[in-house]
Amino acid sequence: MVMAKKLRRSRPDRKSTAALKTRRGRKSSSLGNSSLRSASRRATQAAVKRILESQDLPVNRTDNTSEERAYRKALDFLLSQTDYERMRVVRYNTTTFNLDRMRLLLKHLGDPHTKFKSVHVAGTKGKGSTCHMLAAMLRACGLKVGLYTSPHLVDMRERITINGSMISPADMTHWVKRIEHAIAKMGSDKPTFFEIITAIGFCHFAQQEVDIAVVEVGLGGRLDSTNVITPEVAAVTSISYDHTAILGNTLEKIGEEKAGIFKKDIPALTVIQPSSVVAAMRRVAERNGTRLEVVGEDIEFSYRFEIARPLGPHIRATLHSPISRFEQLVVPLVGEHQAINFGLALAVLDKLKQRGFKIEEARALEGVKNLSIEGRMELIWRDPRVILDGAHNAASMQALFRGISQYIPYDSMVVIFGCNCDKDIDGMLEQVSHGADKVIFTQTGNNPKAASPEELAAHFTERFGRMAQVAPDFKSAMAIATRAITREDLITVTGSFYLVGEAKVHFASRADRMGE
């Protein structure tokens, strides 16, 4: 049995969350109105500039080489496509999320998704961390490993890597050109940004002949663009409330959508969930022709927190199966929730071993020995201490503050918070009220879905009886936070991967100015 305490799950307060949405947000359709399109264009321009700057490429078009101009044109094309990640209102149906459209696009590209083996990972929280841990262990076993994740923090190419190296600008440009030609054959029903970037990832993995690709679901599972692959193993991480307007307002409905990645005769795994969620997922597994196994119930798994030299605070995990014995392993990432994710990654590794992959346990564990993931409890700056974490739902926020309290000593914590308007805002703010000594609300400048910091602050005060400050952007929020802290305090930036990405750009620029 897993020795973890169950996380308290806050049910989204749809009424209070809806009250935070702006008038423009309430009027937006699934395709966006003119003001939203205008905001999206501005966001596209900002995103292109940020990506170019992150790669030390000149932003001024006249200074670019032909290769750089081609790459910029490719970025312009990608970021001008319909992007549900940036839309305030999205209809979740087989028209907006159309797997037949995705299959047609891939058909015009030679069906690359059928030319490599894969693992498919869905879930509300922890799927990115699980994917990174799994990919690192597979790579350490000598395999050539593709990794497809979303969203990116700074550079779009972060989403597509092979053995830790991002797809090159030249390869990205090549595949965009190929896809433009494919789209021209598809008629009026054009693919979305996420479908295109997914197709690029699949084409890159096929061309580079990866031994296996670890593929993270973007949204949900059943209708996600990635759900055209037939993986070696399908896994679902912890289920909690997120995207409730799209996936459903109960954990059972959300679980069913995530379980939509289960395939006939393909091993299906998940972690310990509420019994009603597991039951819902088992029904989907049976309907799809497979058996669901729960790590910690059907597969023996346990973990414990301990403090010992020279590691300090850490968690050790154990997983046993008929062919594998992972004994008292140090969980490579910080937090109780990462122990659960690590257990799932080990279970996937075990299933791959059963399916003929050469997995040497000792080598696999070396792969995660020094693993760190950008944007997950990342210490980005030391004076003052600044932690970045892309937690964007209530359960992830609770896990973040619990992890900080267990692993990082501090006197008081200042939280810089910004989130999307379609999230469980009330649930996240409840966790912020428990974890933060001081709160500064802000927003990112390139995100049309960003919740208003003024409305966040007003709601926070009304709901939890606490005052908060407001800043128009991250740089201003950081200036306020810096003035408010002492040497032993901690600044935590969270609520959105968009905000974390903006923070990373800010600190990279600051390091450059300091000559670090």
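Along every chain, residues carry numbers that run from 1 in the direction the sequence is written. Under the rules for a predicted model, residues below a pLDDT of 70 receive no local features and side-chain atom pairs below 80 are neither given nor counted, while totals for whole chains, interfaces and linings still include all residues. Excluded from the side-chain calculations are hydrogens and water; all other atoms, namely the structure's heavy atoms, are used.

1. Some details on the overall build of the chain
Reasoning step 1: For helices the rule is a DSSP run of H or I covering at least 4 residues; for strands it is a run of E covering at least 2, with both sets numbered from the N terminus onward. The secondary structure content of the chain amounts to 18 helices and 17 strands.
Reasoning step 2: Think of it in three bands: with a 1.4 Å probe and only protein chains considered, a residue is buried below 20% of the maximum accessible area for its type, exposed above 50%, and partly exposed in between. Looking at the chain as a whole, 60% of its 516 residues qualify as buried.
Reasoning step 3: Looking at the chain alone, contacts between residues at least 24 apart form 74% of all its contacts between residues at least 6 apart.
Reasoning step 4: When the accessible area of the chain is evaluated, it comes to approximately 21400 Å², of which 48% is carbon and sulfur surface. Residues are treated as being in contact if the distance between any of their heavy atoms lies within 4.5 Å. For every accessible area listed, the method is Shrake-Rupley and the probe measures 1.4 Å; residues are considered covered only by the protein chains on display.

2. Quick notes on the pattern of salt bridges
Reasoning step 1: When a carboxyl oxygen of Asp or Glu is within 4 Å of a side-chain nitrogen of Lys or Arg, the pair counts as a salt bridge. Counted under the stated rule, the structure contains 22 salt bridges.
Reasoning step 2: For D155, the salt bridge is made with R157, and the minimal N-O distance between the two is 3.1 Å. The same class applies to D155 as to R157, namely buried.
Reasoning step 3: Counted as one network, the salt bridges with shared partners bring together R101, D189 and E195.

3. Remarks on the sheet that holds strand 6 (residues 233–236)
Reasoning step 1: For two strands to be treated as a pair, DSSP must find no fewer than two bridges joining them. Read from one edge of the open sheet, 8 strands run 4-3-2-5-1-6-7-8, paired in mixed fashion. Of all the strands in the sheet, the pair left with one neighbour each is strand 4 (165–166) and strand 8 (292–295).
Reasoning step 2: The pairing of strand 3 (residues 160–162) with strand 4 spans 2 bridges and is antiparallel. Following the sheet pairing, I162 is matched in strand 4 by S165.
Reasoning step 3: Along the sheet, helix 12 (residues 336–354) contacts strand 1 (118–122), strand 5 (212–216), strand 6, strand 7 (268–271) and strand 8; its crossing angle with strand 7, the most-contacted strand, is approximately 160°. Comment: axis = line fitted to C-alpha atoms, over the contacting stretch for helices; angle = value between 0 and 180 degrees taken between N-to-C directions.

4. Here's the deal with the nonpolar core
Reasoning step 1: Here the nonpolar core consists of buried residues drawn from Ala, Val, Leu, Ile, Met, Phe, Trp, Tyr and Cys, with membership extended through side-chain atoms lying within 4.5 Å. Core analysis: the biggest nonpolar cluster contains 71 residues, and L138, F342, F417 and V432 have the highest contact counts within it.
Reasoning step 2: Top contributing element to this core by residue count: helix 12, with 9 residues.
Reasoning step 3: Excluding anything up to four places from it in sequence, V432 contacts M397, F401, V415, F417, V439, F460 and R466.
Reasoning step 4: Of all hydrophobic cores here, the second largest spans 39 residues; its members include F194, I197, F205 and V228.

5. A look at the pairing of strand 5
Reasoning step 1: With respect to burial, strand 5 is a largely interior element, 5 of its 5 residues being buried.
Reasoning step 2: Of the two faces of strand 5, the one carrying I212, V214 and E216 and the one carrying A213 and V215 are both buried.
Reasoning step 3: Relative to strand 5, strand 2 (residues 145–148) is paired through 4 bridges, and the arrangement is parallel. Within the sheet, the bridge partner assigned to G146 lies in strand 5 and is A213.

6. Description of the pairing of strand 7
Reasoning step 1: The alternating pattern of strand 7 places A268 and T270 and L269 and V271 on opposite faces, both of which are buried.
Reasoning step 2: The sheet contact formed by strand 7 and strand 8 spans 4 bridges and is parallel. Across the sheet, residue V271 finds its bridge partner in strand 8, namely V295.
Reasoning step 3: Every crossover in which the path from the first strand over the helix to the second runs clockwise, viewed with the strands pointing away from the viewer, is termed right-handed. Tracing the backbone out of strand 7, into helix 11 (residues 275–287) and back to the parallel element strand 8 gives a crossover that is right-handed.

7. Re helix 15 (residues 425–435)
Reasoning step 1: For helix 15, the tally of buried residues reaches 10 of 11 residues, placing the bulk of the element in the interior.
Reasoning step 2: Taken as a whole, helix 15 has its buried residues at I425, D426, G427, M428, L429, E430, Q431, V432, S433 and G435.

8. What about the sheet that holds strand 15 (residues 438–441)?
Reasoning step 1: Strands sit in the order 12-13-17-14-15-16 across an open sheet of 6 strands; the sheet is mixed. Strands with a single pairing partner mark the edges of an open sheet, and in this sheet they are strand 12 (378–382) and strand 16 (469–470).
Reasoning step 2: Relative to strand 15, strand 14 (residues 413–417) is paired through 4 bridges, and the arrangement is parallel. Residue pairing for strand 15: V414 is matched across the bridge by K438.
Reasoning step 3: Of the strands in this sheet, strand 14 and strand 17 (490–494) are in contact with helix 14 (residues 394–407), which crosses strand 17 at around 160°.

9. Some details on the layout of surface pockets
Reasoning step 1: By volume, the second largest pocket amounts to about 750 Å³.
Reasoning step 2: Around the second largest pocket, the lining is made up of 32 residues, and of these H132, E158, T161, G164 and E374 lie nearest the centre.
Reasoning step 3: Counting residues per element, the ones that place at least two in the lining of the second largest pocket are helix 6 (127–140), strand 2, strand 3 and helix 18 (497–514).
Reasoning step 4: Considering every element that reaches the lining of the second largest pocket, the biggest residue donor is helix 6, with 4 residues.
Reasoning step 5: In the lining of the second largest pocket, the residues fall into 12 nonpolar, 12 polar and 8 charged. Points on a 1 Å grid over protein atoms alone make up a cavity when a 1.4 Å probe fits among them but cannot get out, and a pocket when they form an open set with protein on both sides within 12 Å along at least five of seven lines; lining residues each have an atom within 4 Å of a point. Grid points are joined across faces, edges and corners, and a volume is the space filled by probe spheres set on the points. Residues are grouped as follows: Ala, Val, Leu, Ile, Met, Phe, Trp, Tyr, Cys and Pro are nonpolar; Asp, Glu, Lys and Arg are charged; all remaining types, including Gly, are polar.

10. Structural notes on the confidence of the model for the chain
Reasoning step 1: For the chain, mean pLDDT is 87; residues scoring 70 or higher make up 85% of the total.
Reasoning step 2: Values of pLDDT, the confidence the predictor places in each residue, fall between 0 and 100. Low pLDDT (under 50) marks residues 1–12, which in the prediction has 37 contacts with non-local residues, meaning those over four places away or in another chain.
Reasoning step 3: Overall, residues 56–62 carries pLDDT values under 50, and its contacts beyond four positions in sequence, including any with other chains, amount to 14 contacts.

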